[in-house]
Amino acid sequence: MSRPLNILLVEDDAIEVMKFNRVVKNMEGRHKILEAHNGEDALNILKDREVNPDIIVLDLNMPKLNGIEFLRAIKKDESRRCIPTIILTTSTNYSDIKECYNIGIAGYVVKPLKHDEYMQSTTKLIEYWSNNELIS
């Protein structure tokens, strides 16, 4: 059964945030998105124990605290380390992919350049996690 998700979107590019929000809106708006503009903002949001995202969708290339630095920090937090974190980035660098999986991500998606492909790919990502048994 598909469930609404609380999604923490960590993305510094306003256009990418808008695109992601558009995908969610096209899914009838059941899911809630909390936005952070870099890893530092995301860590500050997660300090509030009232904030409990079901998944984290994370860009890698951001100012202040990049995606990999954020991943390392979140995996040290015993109460937050199991939140499924999915990388949504433009990086196809194999060393980035390998390092992210070694740290403990749940998935790695390269942002498609074409709008329709982005919409399909992101919709599938959200649908998968809204049907995943880990999310309760």
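All values derive from a computational prediction rather than experimental measurement.

S.K.: Explain the side chain of Lys111 to me, please; I cannot follow it from the model alone.
M.R.: Considering the arrangement of structural elements, one finds Lys111 in the loop between strand 5 (107-110) and helix 5 (115-130). A relative accessible area of 8% places Lys111 in the buried class. Here the side chain of Lys111 touches Glu11 through a polar contact of 2.8 Å, side chain to side chain. Once residues lying within four places of it in the same chain are set aside, the contact partners of Lys111 are Glu11, Glu16, Asp59, Leu88, Thr89, Thr90 and Tyr118.

S.K.: Can you walk me through the pairing of strand 4 (residues 85-89) in this structure?
M.R.: Along any regular strand, the residues point their side chains to alternate faces of the sheet. Most of strand 4 sits inside the fold, with 5 of its 5 residues counted as buried. In this sheet, strand 4 lies alongside strand 3 (residues 55-58) in parallel orientation, the contact comprising 3 bridges. The residue of strand 4 that forms the bridge with Leu58 is Ile87. Tracing the backbone out of strand 3, into helix 3 (residues 67-76) and back to the parallel element strand 4 gives a crossover that is right-handed. Read as a crossover between parallel neighbours, the route from strand 4 over helix 4 (residues 94-103) to strand 5 is right-handed.

Conventions and cut-offs
- Residues numbered from 1 in each chain as written.
- Predicted model: local features only at pLDDT ≥ 70, side-chain atom pairs only at ≥ 80, totals over all residues.
- Heavy atoms only, no water.
- Helix = DSSP H or I, 4+ residues; strand = E, 2+ residues; numbered from the N terminus.
- Buried < 20%, exposed > 50% of the residue type's maximum accessible area, 1.4 Å probe, protein only.
- Polar contact = N/O pair within 3.5 Å; in protein donor to acceptor, adjacent residues only side chain to side chain.
- Contact = heavy atoms within 4.5 Å.
- Pairing = 2+ DSSP bridges.
- Right-handed = clockwise from strand over helix to strand, strands pointing away.

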